Each structure stands twice: as structure tokens, then as C-alpha cells.
Amino acid sequence: MPKSFIQISDSHIDDEKLVMGVDSQANLTCVVEHISKQLYDALIFSGDLSHNGTINSYIRINEILKPLNNKACILPGNHDNKSNLAKIFDNSLLSNFQLNDWEIITIDSVQNEKVSGHLSEQKLQALADEIKLSKAKHIVLCLHHPVVPMQSSWNDDLSLENSEEFFSVISQFPRVKAIIWGHAHQSSEFKFGNIKLFSCPSTAVQFCGPSGIGYNHYTLHANGEINCKTRWLDYC
């Protein structure tokens, strides 16, 4: 039976309820309630959990996630304070997980004091080594920043700065079947060669596309196929 996992992203929880004109806490709560009724095997949160990185915002996020009763894999985003994030989510921060013949590998693409992402030579080499060591037949890579132009009103200068170097590394590994990210508050699907590329909507507010909140639900097949269904909800 195929395994599946859920990706949520960019909840932008703050000490105040209203963020970017919406109640981001209520919206994340509604998304969590919807997810709690789904069948899935793992959950990944691809960054910008908090809007301003306060410790109280991470405490609140942890409370909102409790109904899911499972340990989410957490990635930092550019809005997150990594020190405060680690105080609440240390055990699940940048942790990989395996589902049958698949492994989901997390990547920290965040730069200090910058909105755009970058992967240093050392990080790219570490990623290559991690893929080589993986015993999985099929691999999904997850980071915060988009790795291709979003083909929308999104400012691509705020995405991963060195996508060419990134793709030159992963192109060596045909086991990489998909790359997923958040940051752009937009649900989209692209391809790079045989690699599927998925952008996850925000649980708070979208910058482009349908009005509402959402998350991505991925199904992993034994033959290396990955399918994505974006679940849309109304604002709460």
C-alpha cells in the first residue's frame, strides 16, 4: 500500500493573532483540524512557522499542532528565529524520515538577515554525501525556498539564489524524484527533467492563486512515482 505524507508551510504565527490581515492562528488551527481527519504517515513543516520568531509564537504553534499526535519534521524559514525554534522543536528540527522505499531529506536554505535562500558549497557537498549514503530507492528533497521561477507575481529574487549549483549537484542522482518547498505562498507544480517540483500553499494567506488556505498531501508509490493533491480550505 502506498505511503503518504503531508506538507504544511508558512503559518506566520505571531504573538498577536492578526498577521498580514488574517488570523494566522485560527487558520493554522483549521488546517490542523482538517489534517487530523486524513490518513497519512508523516508531516513536514517547511518553514516560516513564526512571523517574528518569538518564543511565545513557537509555544503557541506547538499547542496548535498537538491534535495531530505525531512528531512533525520541522524546517526553518527566513522569518524564523532558529534559536527560539530549536528550544521548542529541537528533536524534530531538520530531521529526515523514511517511508517504505522513500526517504525525505531536509535542507536548511535560510541565510542570516536575508529573505532569499542560499546553499553554501559545504551544504551542497553535505547534501550530495547524504544522498549517496541513503539506502532509499527514491528520494524527496525539502527546503524552504523555491528552486525555480514561480511563473507568477512572486519576486524570484527572493527564492534560492544559487539554483544552478543546486541542480548541478542533484542531477547526478536519478533517485531524486521530487523537490518540495514553501516560502512563495503559492501552490504550483513544475518539472526539472524527470524531477517533479512542488510548491506548497501557506496556511496563513496566499500571495498568488486561490483565495484561502491549504496544504499539500503527497502519495509515494513503489515504482518511484509521487503524486500531490493540494487541499484547499476557506479562511477561518
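Just so it is clear, the model here is predicted, and its values are computed rather than measured.

Scoring rules and cut-offs
- Residues numbered from 1 in each chain as written.
- Predicted model: local features only at pLDDT ≥ 70, side-chain atom pairs only at ≥ 80, totals over all residues.
- Heavy atoms only, no water.
- Disulfide = S-S within 2.5 Å.
- Helix = DSSP H or I, 4+ residues; strand = E, 2+ residues; numbered from the N terminus.
- Buried < 20%, exposed > 50% of the residue type's maximum accessible area, 1.4 Å probe, protein only.
- Axes fitted to C-alpha atoms, helices over the stretch in contact; angles between N-to-C directions.
- Parallel < 35°, antiparallel > 145°, perpendicular 65-115°, else oblique.
- Left-handed = near helix turned anticlockwise from the far one by under 90°.
- Contact = heavy atoms within 4.5 Å.
- Nonpolar A, V, L, I, M, F, W, Y, C, P; charged D, E, K, R; others polar.
- Pairing = 2+ DSSP bridges.
- Expected span 1.5 Å × (residues − 1).
- Arc of directions from axis to C-beta.
- Polar contact = N/O pair within 3.5 Å; in protein donor to acceptor, adjacent residues only side chain to side chain.
- Salt bridge = Lys/Arg side-chain N within 4 Å of Asp/Glu carboxyl O.
- 1 Å grid on protein atoms, 1.4 Å probe; cavity = no way out; pocket = protein on both sides within 12 Å on 5 of 7 lines; lining within 4 Å.
- Points joined across faces, edges and corners; volume = space filled by probe spheres on them.
- Phe/Tyr/Trp six-rings, centres within 6.5 Å; stacked < 30°, edge-to-face > 60°.

Caption draft 1: Here's a closer look at the state of the cysteines. Inspection of the entire model under this criterion finds 1 disulfide. Residue C30 pairs covalently with C236 via a disulfide, S to S 2.0 Å. Between C30 and C236, the disulfide has an S-S torsion of -140° and is therefore left-handed. Taken as a pair, C30 in helix α1 (residues 24-35) and C236 in the segment after β13 (226-233) lie far apart in primary sequence, 206 residues in all. Counting only cysteine sulfurs, C200 is the nearest neighbor of C228, a cysteine outside any disulfide, at a range of 7.6 Å. The class for C228 is partly exposed, based on a relative accessible area of 25%.

Caption draft 2: Molecular detail of the packing of α1 against helix α2 (residues 55-65). Running from N to C, α1 and α2 cross one another at 30°; their axes reach a closest spacing of 9 Å. As summarised for this structure, α1 and α2 are arranged roughly parallel, according to the angle between their axes. Handedness of the crossing formed by α1 with α2: right-handed. Packed against α1, whose contacting residues are Q25, L28, T29 and V32, the element α2 presents R60, I61, I64 and L65 at the interface. Broken down by class, the residue content of the contact of α1 with α2 amounts to 5 nonpolar, 2 polar and 1 charged.

Caption draft 3: Representation of the sheet that holds strand β8 (residues 138-142) within the structure. Taking strand neighbours across the sheet as the criterion, the 6 strands line up as β6-β7-β8-β9-β11-β10 in an open arrangement whose pairing is mixed. The open sheet has two edge strands with one neighbour each: β6 (97-99) and β10 (188-192). This sheet shows a mean twist of 20° between the axes of neighbouring strands, independent of strand direction. Of the pairings in the sheet, the one linking β6 to strand β7 (residues 102-106) comprises 3 bridges and is antiparallel in character. Considered in β7, the bridge of F97 is made with I104. Against the sheet, helix α5 (residues 163-170) engages β8, β9 (176-181), β10 and β11 (195-199), with an angle of about 150° to β9.

Caption draft 4: Molecular detail of α1. Look at α1: 16 Å from first C-alpha to last across 12 residues, which is about the 16 Å you get at 1.5 Å a residue. When α1 is considered as a whole, its buried residues turn out to be S24, Q25, N27, L28, V31, V32 and I35. The buried residues of α1 occupy an angular sector of 160° when the element is viewed end-on, so they sit on one face. Near the N-terminus of α1, the side chain that reaches the backbone nitrogen of Q25, with its oxygen 3.3 Å away, is that of D23.

Caption draft 5: How the structure looks around the pattern of salt bridges. Under the definition given, this model contains 8 salt bridges. Between K82 and D108 there is a salt bridge; the shortest N-O distance is 2.7 Å. Here the residue K82 occupies a position in helix α3 (residues 82-89), and D108 occupies one in the loop between β7 and α4 (121-133), the gap between them amounting to 26 residues. Since its relative accessible area comes to 15%, D108 is described here as buried. The salt bridge partner of E225 is K196, with a shortest N-O separation of 3.3 Å. Taken together, the residues span a long stretch of sequence, with E225 in the loop between β12 (213-220) and β13 and K196 in strand β11 at a distance of 29 residues.

Caption draft 6: Inspection of the layout of surface pockets at higher detail. By volume, the largest pocket amounts to about 240 Å³. Forming the walls of the largest pocket are 15 residues, and the residues nearest its centre are P174, V176, K177, N194 and I195. When contributions to the lining of the largest pocket are tallied by element, the ones reaching two or more residues are β9, β10 and β11.

Caption draft 7: Molecular detail of the side chain of N78. Take N78: it is sitting in the loop between β5 (73-75) and α3. There is a polar contact of 3.1 Å between the side chain of N78 and the side chain of H144. Among the polar contacts listed, one links the side chain of N78 to the side chain of H183, at a separation of 3.1 Å. Setting aside chain neighbours within four positions, we find N78 in contact with D48, V110, K114, V115, H144, H145 and H183.

Caption draft 8: Structural detail: the packing of aromatic side chains. Within the structure shown, the criterion is met by 7 aromatic pairs. Consider the rings of F5 and F97, whose centres lie 5.8 Å apart with planes at 75°: the pair is edge-to-face. Taken together, the residues span a long stretch of sequence, with F5 in strand β1 (residues 3-8) and F97 in strand β6 at a distance of 92 residues. A relative accessible area of 0% means that F5 is categorised as buried. Their ring planes at 10° and their centres at 6.1 Å tell us that W154 and F207 sit as a pair that is stacked. Of this pair, W154 sits in the loop between β8 and α5 while F207 sits in the loop between β11 and β12, and the two are 53 residues apart along the sequence. Classification of W154 as buried rests on a relative accessible area of 11%.

Function cannot be read off these values alone, since they describe shape.
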